[in-house]
Structure formats: structure tokens, C-alpha cells
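Take a look at the letters that make up each chain.
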Amino acid sequence: MSQAPDLDDIPGTTVFTAERSRLGYHLNQFCMSLMKPENRTRFTADERAYLDEWPMTEAQKQAVLRRDYNAAIAEGGNIYFLAKIFLADGSSFQEAASSMTGMSQEEYAAMMLAGGRSPEGLRSIREGR
Amino acid sequence: MARVTAGVATSHVPAIGAAIDRGRTREQYWAPVFAGYEWSKAWIADHTPDVVLLVYNDHASAFSLQMIPTFAIGCAESYPIADEGLGPRPVPVVEGHGGLACHLAEQLILDEFDMTVVNEMSVDHGLTVPLSLLFGQPERWPVRVVPLAVNVVQYPPPTGNRCYALGEAIRRAVASYPEDLDVQVWGTGGMSHQLQGMRAGLINAPFDNAFLEKMTAEPEALRQIPHIEYLREAGSEGIELVMWLVMRGALGAHPKELHRVYHVPASNTAVGHLVLEAGWPT
């Protein structure tokens, strides 16, 4: 089944399709495991060892270790699952979101207070609008 | 007989729940958000329904990628509060209405909506933040809740048109329940927001305000919004707005708008809120 090309036409956006879900299954299920306090403790004690218990790709593991959420999403991660990692880190949705935009957290928070990011020019790569 | 009397639409931003739980609602950042709900809290104190059918989405709490039901209805007697990674929110357990829920599940499936029946699940901020916004911090929630979880995490969510039609079927199914119950339908999530990638932080106030207006003025137009338009205009997470259309579909023709709120931002998100009085039967 081919993916509707429109879904790849939105700048800076990865749509979590069934195909991406398949690619990221173990990455996301690893994230899910962090909802249990005992797993969070084990992960924090030795992240690499905990990750090695999961049938994840090396790229997925590296994205987690570096807390590179754009890379994790490129490898099939979904933001609601990745949230389990940054919540375990004591970080917020806004901090994680700002880290994906290349802005500092202060710049990002200021942008949100000023009304957020305008969709102008960010709707379609193909149509440049 | 049971009947749908009103509808509530509201965003369910987790940071709003955290602000309530940590007593920060009067801070400069949060006060304008909560001010918008003061009217609604007074209104619902006078119009407390017996049951809220609460349309929401689970955020990788009760449902992992192991199973992804498109429409799931909770038929349990109660629902524990999910631990989303920082411990469960300090809010009362959510009491269900198994009798109404089982009736709805049965009627909806016979009406050709293929519901997943859930007899055990925890509920996360998607369901509890709207309860906190309308009821504050009671010892016990003053209503019973029938949770209706919609998949909006893995693409594609159900279409807006399908959500609206489900709402219409819910109205019919509620009306055939013999007990005398006042039922409200709440649609939650949205408005515009994107939590991922370089476009994170997207807010589209013109789109959101048009959506709020069309909930009463032009619902037929909202039914036809394709997924790609939600994604482009309202952000990858703004597609949650399809859940508002379940509520709208359940309210019949020409519901009356009683209250409207729009505020930017709550964390990464535009907050939208409507209170609608049910219209004529359809």
C-alpha cells in the first residue's frame, strides 16, 4: 500500500502512519515500559544495558541515548511514546518540543506567548504556501 | 427515557491538569485560561448531568501500539487514573455507568458502528483534565462517565464525517435507554497544536476560530474537512478536533451556543472551549 504523497508534503512534520508505527514498534514499546517505576529505575541506572534488552535498531538506541527526538521520530518514534523518556528525565512537553525546533527553550516559550508559530509558508513544501 | 441535553468541547492539555494539581491556577500565565471556564463551572453546577459520555483520546497510557482501537467504549463500573510517568494525577477515581455503556455498545454495533468494548482500562489526562476544568477539585466526581476513546495517535484517525455520524447514532442510542438519565456528550482535544519536528509550536487562530464558529453555524462544512487539511492547518496533533464532531453529531439540529472561549497558549496548544445546549432531534 502506498502512502498518500501529501503526508510527506508538510514542512517539519512526520505523520505517524501504520508503516512508521511498524518501523518504530519496539522503540515505542520500550518507551511504554518506562511508565513502570521499576523500569525507570533500571533505565536510569544503565541506559545502554536497558536499551539492549529491546530488539531496537542501533539508530533508534542512539537517538534515545542522545535525546534526539527528531532522530527518534525519523526512526519510527511517536511523540506520545517518546514523552515517557522526557517525563522520566523530569523534562516537559514544551522543553522537548523546543529541542526539536532548534530554538532555545526561552525563545520557544516566548514564541508561544506571542501566539505561536504561524502556519504561513509551512503548509506545503510543493506549493510553497 | 435517557436524553442528550448538552455538549461541551474543550482542550485537554496535560499542563492544565498539572497547573490545577499544583495550585498554580492564579498565576499570571494560567489565570486567563481558567477565567474562561468560570462561567462553565457555574453553569454545570446548575446543570449537572447524571452521566457524561466523554470522547477523548488515550496518549499511550491504556493503549500501547499492541492494540489500536479506532473507537473504544468503556463498559466498566470504574476507571483508575493512569500513571503517565510521574505518578497518577491526584484526582478521584472515575466512576462509570456500566448499564448505559453496555446499552450504547450494543446499539451502536447494531447501528453499524463497530465499537471495541473495553471492560478494564486506566484513564489519562485526555479524560481527567476536562473533568477538572468543569468540576474543579471535588472529593468525588459529581457525574458518572462513559469513556469513548478515539484513536488519533496512529494515522489515520476516523474521518470527521464518521465521528459526526457516530455522534448521531449515540443520540439515538441514548434515547432508547429506559432509565431517566440526563446525559451530556463532551468532545475533547485540540485546538491547533503540533508537538513534534521543526514545525512544533504551530498555532492557527483563524482556523480555530472558524472551527468554533462552524460548530453551530455550519457543522456540515466541518464534516467534510479532510485529514490533510487538519494536518496542514491545525498541526499534526490538531487533528484531535475530529473528536469534537462526535459531540456535535450527538446534539441534533441547531444546538444553541451558550459559551465560547479561545486562548493561546497553554504550553504548546491553543485552548478552545464551547458549551452547547442540545438542539432538535434528528
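Predicted, not measured: the structure shown is a model, and the values here were computed from it.

1. Things to note about the packing of helix 5 (residues 160–175) of chain B against helix 9 (residues 242–249) of chain B
Residues and elements named next belong to chain B. Contact geometry of helix 5 with helix 9 gives a least axis separation of 6 Å together with a crossing angle of 30 degrees. Regarding the angle of helix 5 to helix 9, the classification is roughly parallel. Judged by the twist between their axes, the crossing of helix 5 over helix 9 is right-handed. Contacts from Gly160, Cys163, Tyr164, Leu166, Gly167, Glu168 and Ile170 in helix 5 reach Val242, Leu245, Val246, Arg248 and Gly249 in helix 9. For the contact of helix 5 with helix 9, the class distribution of residues is seven nonpolar, three polar and two charged.

2. Details of the interface of chain A and chain B
Taken together, the 46 residues of chain A in the interface contact 40 residues of chain B. Note on chain A versus chain B: buried area summed over both sides is about 3800 Å², and carbon and sulfur give 59% of it. Among the residues chain A hides against chain B, the three largest losses belong to A:Tyr80, A:Met112 and A:Arg117. Together they make up 16% of the total. The interface formed by chain A and chain B includes three salt bridges. Where B:Arg232 meets A:Asp6, a salt bridge forms, and the shortest distance between an N and an O atom there is 3.7 Å. Inspection of the chain A/chain B interface yields 24 residue pairs in polar contact (both at pLDDT 80 or more). Elements that contribute at least two residues to the side of chain A that touches chain B include exactly helix 1 (18–23), helix 2 (25–33), helix 6 (69–74), helix 7 (79–88), helix 8 (93–101) and helix 9 (105–113) of chain A. For the side of chain A that touches chain B, the per-class residue count stands at 23 nonpolar, 15 polar and eight charged.

3. Focus: the pattern of salt bridges
One pass over the full model with this rule turns up 26 salt bridges over all chains. Close ionic contact of A:Arg48 with A:Asp52 constitutes a salt bridge, the shortest N to O distance being 3.1 Å. Taking relative accessible area as the criterion, A:Asp52 reaches 42% and is therefore assigned partly exposed. Overlapping salt bridges bring together A:Asp6, A:Asp9, A:Arg126, A:Glu127, A:Arg129 and B:Arg232 as one network.

4. A few points about the side chain of B:His273
All names here are of chain B. Here histidine 273 is to be found in strand 10 (residues 269–277). On the accessibility criterion, histidine 273 (0% relative accessible area) is buried. In terms of polar contacts, histidine 273 uses its side chain to reach the backbone carbonyl oxygen of alanine 9, at 2.8 Å. If near-sequence neighbours (up to four positions away) are discounted, histidine 273 is found in contact with Val8, Ala9, Thr10, Gly36, Tyr37, Ser40, Leu134, Leu212, Trp244, His259, Arg260 and Val261.

5. Quick look at empty space enclosed by the protein
Residue and element names in this part refer to chain B. A complete count under the given rule lists two cavities of 30 Å³ or more for this structure. Put simply, the largest cavity is a space of about 230 Å³. Tallied by class, the residues present in the lining of the largest cavity amount to 11 nonpolar, six polar and three charged. Within this model, the second largest cavity holds a volume of roughly 140 Å³. The wall of the second largest cavity is formed by 15 residues, among which Asp58, Phe63, Ile68, Asn151 and Val153 lie closest to the centre. The residue makeup of the lining of the second largest cavity, split by class, is 11 nonpolar, three polar and one charged.

What counts, and where the lines are drawn
- Residues numbered from 1 in each chain as written.
- Chains lettered and ligands numbered in written order.
- Predicted model: local features only at pLDDT ≥ 70, side-chain atom pairs only at ≥ 80, totals over all residues.
- Heavy atoms only, no water.
- Axes fitted to C-alpha atoms, helices over the stretch in contact; angles between N-to-C directions.
- Helix = DSSP H or I, 4+ residues; strand = E, 2+ residues; numbered from the N terminus.
- Parallel < 35°, antiparallel > 145°, perpendicular 65-115°, else oblique.
- Left-handed = near helix turned anticlockwise from the far one by under 90°.
- Contact = heavy atoms within 4.5 Å.
- Nonpolar A, V, L, I, M, F, W, Y, C, P; charged D, E, K, R; others polar.
- Buried area = accessible area lost by both parts, 1.4 Å probe.
- Salt bridge = Lys/Arg side-chain N within 4 Å of Asp/Glu carboxyl O.
- Polar contact = N/O pair within 3.5 Å; in protein donor to acceptor, adjacent residues only side chain to side chain.
- Buried < 20%, exposed > 50% of the residue type's maximum accessible area, 1.4 Å probe, protein only.
- 1 Å grid on protein atoms, 1.4 Å probe; cavity = no way out; pocket = protein on both sides within 12 Å on 5 of 7 lines; lining within 4 Å.
- Points joined across faces, edges and corners; volume = space filled by probe spheres on them.

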